[in-house]
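# Report on the structure
Okay, here's what each chain looks like letter by letter:
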Amino acid sequence: MQLLPLEAGGRRLTSPIIMAGPCSAETPDRLFDTASALSQVGVGILRAGIWKPRTSPGCFEGVGEPALVWMRQAKELTGMLTAVEVATPRHVEAALSAGTDILWIGARTSGNPFAVQEIADEMVRLGATDVPVFVKNPLNPDLGLWIGALQRLENSGIRRLAAIHRGFSIYGESIYRNEPLWRIPLELRRRLPDLPIICDPSHIGGKRQLIEPIAQKAMDIGFDGLIIESHCEPDNAWSDAAQQITPDTLSEILGRLRYRDTPVAPDGIEELRKQIDSIDAELLDVLARRMEVSRQIGEYKRAHSMPVVQPGRYSDIVASRVKDAERLGMNPEFMRSLLSAIHEESVRQQLENGE
Ligand code: PEP
Ligand code: MN
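Throughout this description, residue numbers start from 1 for each chain and increase along the sequence as written. Ligands are numbered from 1 and chains lettered from A, in the order in which they are written. Given that this is a predicted model, residues contribute local features only at a pLDDT of at least 70 and side-chain atom pairs are listed and counted only at 80 or more, while totals for whole chains, interfaces and linings are drawn from all residues. Hydrogens and waters are ignored; side-chain quantities use all the structure's heavy atoms.

## Some thoughts on the packing of helix 3 (residues 89–97) against helix 5 (residues 113–125)
- Axes here mean lines fitted to C-alpha atoms, for a helix over just the part in contact, with angles spanning 0 to 180 degrees between N-to-C directions. Secondary structure follows DSSP: runs of H or I at least 4 residues long count as helices, runs of E at least 2 residues long count as strands, and numbering of each begins at the N terminus. Where helix 3 meets helix 5, the axes come as close as 8 Å, and the angle between the chain directions of the two elements is 40°. Considering the angle they form, helix 3 stands oblique to helix 5. The chirality of how helix 3 crosses helix 5 is right-handed. Along its contact with helix 3, which presents Pro 89, Val 92 and Glu 93, the element helix 5 presents Glu 118, Ile 119, Glu 122, Met 123 and Arg 125.
- Each residue gets one label: Ala, Val, Leu, Ile, Met, Phe, Trp, Tyr, Cys and Pro are nonpolar, Asp, Glu, Lys and Arg are charged, and the others, such as Gly, are polar. By residue class, the composition of the contact of helix 3 with helix 5 is four nonpolar, no polar and four charged. Should an angle lie under 35 degrees it is considered roughly parallel, over 145 roughly antiparallel, and from 65 to 115 roughly perpendicular; all remaining angles are considered oblique. Should the near helix be turned anticlockwise from the far one by less than a right angle, the crossing is left-handed, and should it be turned clockwise, the crossing is right-handed. Only heavy atoms matter for contacts: two residues are in contact if any of them lie within 4.5 Å across the pair.

Below you can see the structure in the form of structure tokens.
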């Protein structure tokens, strides 16, 4: 991917890129109060939703175009750059003609290739391919779709691109509003090492107290910035009230975060340990998913009166995984004992769940 450095409104965006602002621009006064306070604590980019993609009709769906004028006024007032979400060519045209500096594509749009293409085509039509576009991950955990959206923009000549990691919808209970599934943005980083990745702890966490630990994890991994929802009166916000924080709270969080801006760690061990922690977290996550599938197999076996342990299948698994492990430079004995421990736990879960 041929990317250009992130520049907006004639300014180079350097790491960590910090964007903050309300979920939605609600009234001029609220927006100006929030923007002034954010700018006073050093935030350089004001985000706000103008058209809100809500789950149910009847919820507040954003003020629409009049709010773009308030964004321009907030920019004049504070000198901040502005960023809004666009989902249609009409949004692109309205946002750009109101002088918006950065566009972002939301999670409900980035997974729709037709919509992304229409946005790209409109930017080309308006001669605006120099405007940066930040692409949120699609709702579903599909890295190919996320990369596809970025490629679609790049193919149209939009080269000032960044990705926003905002978590993924999964079925089931979680402390998160949207599961972070860190392995997906990590794989994105591996595949597109030059693409800046910005973390959105507000939409991942869905609640105030999760913002700081998620933001810290993103900084620890080496993400390039944060987009955080901030509102002058969070409790009275018209959308996403539970996850918005005041500019003062944001400032405290930003002051406490440890930023990793040293390209080569002076003490390499610390960096390596963090990687191990994060890989172990992924390993646990993968194991938990394997156990979940295993429990489903257990149910199937019970329904079909099949015994839990199927020796033929287990031998095949061991043979193939041991071979793969050797190819990857691991000891076959280690792989056999790991598989035996996993198998034992999987059998235990199948038996226990049947009782
Ligand atoms: C937002 O940033 O306000 C938003 C709607 O986010 P997402 O597309 O990540 O749900
Ligand atoms: Mn929101």
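Read on for the rest.
## Description of the site of ligand 1
- Close to ligand 1 lie Cys 23, Arg 47, Lys 52, Glu 85, Trp 104, Gly 106, Ala 107, Arg 108, Lys 136, Arg 166, His 203 and Glu 229.
- Polar contact is defined as a pair of N or O atoms within 3.5 Å, subject to the rule that within protein one atom must be able to donate a hydrogen and the other to accept it, and that residues adjacent in sequence are counted only when both atoms are side-chain atoms. Between ligand 1 and the protein, one listed contact pairs an oxygen atom with a side-chain N or O atom of Arg 47 at 2.7 Å.
- Note that an oxygen atom of ligand 1 is positioned 3.3 Å from one of the side-chain N or O atoms of Glu 229.
- Each accessible area is a Shrake-Rupley estimate made with a 1.4 Å probe; only the visible protein chains count as cover when residues are assessed. In the complex, the protein chains occlude 96% of the 290 Å² of accessible area that ligand 1 would expose alone.
- When the residues that make up the shell around ligand 1 are grouped by side-chain class, the tally is three nonpolar, two polar and seven charged. Only a single heavy atom is needed: when it lies within 4 Å of a molecule or strand, its residue is near that molecule or strand.

## Some remarks on the sheet that holds strand 5 (residues 81–85)
- Two strands pair under a simple rule: DSSP has to find at least two bridges between them. Here eight strands make up a closed barrel; going around it, the order is 3-4-5-6-7-8-9-10 and the pairing parallel. Going from strand to strand, the sheet's axes swing by 25° on average, the running direction of each strand aside.
- Two elements, strand 8 (residues 161–165) and strand 9 (residues 197–199), share three bridges in a ladder whose sense is parallel. The partner of Ala 163 across the bridge, within strand 9, is Ile 197.

## Here's the deal with the coordination of the manganese ion (ligand 2)
- Protein coordination at the manganese ion (ligand 2): the donors are Cys 23 (SG), His 203 (NE2), Glu 229 (OE) and Asp 240 (OD), at 2.1 to 2.4 Å from the metal.
- Shown as donors are all N, O and S atoms within 2.8 Å of a metal ion, widened to 3.2 Å for Na, K and Ca; because water is not in the atom set, sites may appear incomplete. In primary sequence terms, the donor set of the manganese ion (ligand 2) follows C-x179-H-x25-E-x10-D. Note that His 203 is positioned in helix 8 (residues 201–205) and Asp 240 in the loop between strand 10 (225–229) and helix 10 (247–256), a separation of 37 residues in sequence.

## A closer look at helix 2 (residues 66–78)
- Take the number of residues in a helix, subtract one, and multiply by 1.5 Å to get its expected span. If you check helix 2, its first and last C-alpha atoms are 19 Å apart, about what 13 residues at 1.5 Å a residue would give, namely 18 Å.
- All of the buried residues in helix 2 are Ala 67, Leu 68, Trp 70, Met 71, Ala 74 and Thr 78. Viewed end-on, helix 2 has its buried residues packed into an arc of 155°, placing them on one side of the element.
- Packed against the buried residues of helix 2 are helix 1 (28–40), strand 4 (45–48), strand 5 and helix 3.
- Directly beyond the C-terminal end of helix 2, a positive phi value near 80° is found at Gly 79. The buried label goes to any residue with under 20% of its type's maximum accessible area, the exposed label to any with over 50%, and the partly exposed label to all in between, with areas taken from a 1.4 Å probe on protein chains only. Taking the helix axis as origin, the arc is that swept by the directions to the C-beta atoms.

## As for the pattern of salt bridges
- Salt bridges are counted wherever a side-chain nitrogen of Lys or Arg sits within 4 Å of a carboxyl oxygen of Asp or Glu. Throughout the structure, instances matching the rule amount to 23 salt bridges.
- Close ionic contact of Glu 65 with Arg 90 constitutes a salt bridge, the shortest N to O distance being 2.8 Å. Remark: Arg 90 occurs in helix 3 and Glu 65 occurs in the loop between strand 4 and helix 2; sequence separation between them is 25 residues.
- With relative accessibility at 43%, the residue Arg 90 sits in the partly exposed group.
- Bridged by salt links that share partners, the residues Glu 65, Arg 90, Glu 93, Glu 122 and Arg 125 form one connected network.

## Overview of the environment of Thr 34
- Relative to the elements of secondary structure, Thr 34 occurs in helix 1.
- Looking at Thr 34, the relative accessible area reads 1%, which means it is buried.
- The spacing of Thr 34 and Asn 137 is 103 residues in sequence and 26 Å in space, taken between C-alpha atoms.

## Thoughts on the pairing of strand 4
- Of the two faces of strand 4, the one holding Ile 45 and Arg 47 and the one holding Leu 46 and Ala 48 are both buried throughout.
- Here is how to tell: hold the view so the strands point away, follow the path from the first strand over the helix to the second, and if it runs clockwise the crossover is right-handed. Once the chain exits strand 3 (residues 17–21) it traverses helix 1 before rejoining the sheet at strand 4, and the crossover so formed is right-handed.
- Looking at chain direction, strand 4 and strand 5 are connected through four bridges and run parallel. Bridge pairing in strand 5 links Ile 45 to Leu 81.
- With helix 2 bridging strand 4 and the parallel strand 5, this β-α-β connection has right-handed handedness.

## Notes on the nonpolar core
- Counting 68 residues, the largest nonpolar core has Leu 31, Leu 103, Trp 146, Leu 153, Leu 188 and Leu 226 as its most contacted members.
- Once residues within four sequence positions are removed from consideration, Leu 103 is found in contact with Val 84, Val 86, Val 92, Ala 95, Leu 96, Met 123, Val 131, Pro 132, Val 133 and Phe 134.
- Take the buried residues of types Ala, Val, Leu, Ile, Met, Phe, Trp, Tyr and Cys, join any two whose side-chain atoms come within 4.5 Å, and each joined set is a nonpolar core. Residues Ala 8, Leu 81, Ala 162 and Ile 164 belong to the second largest nonpolar core, which totals 15 residues.

Read these as layout, nothing more, since geometry by itself doesn't imply function.
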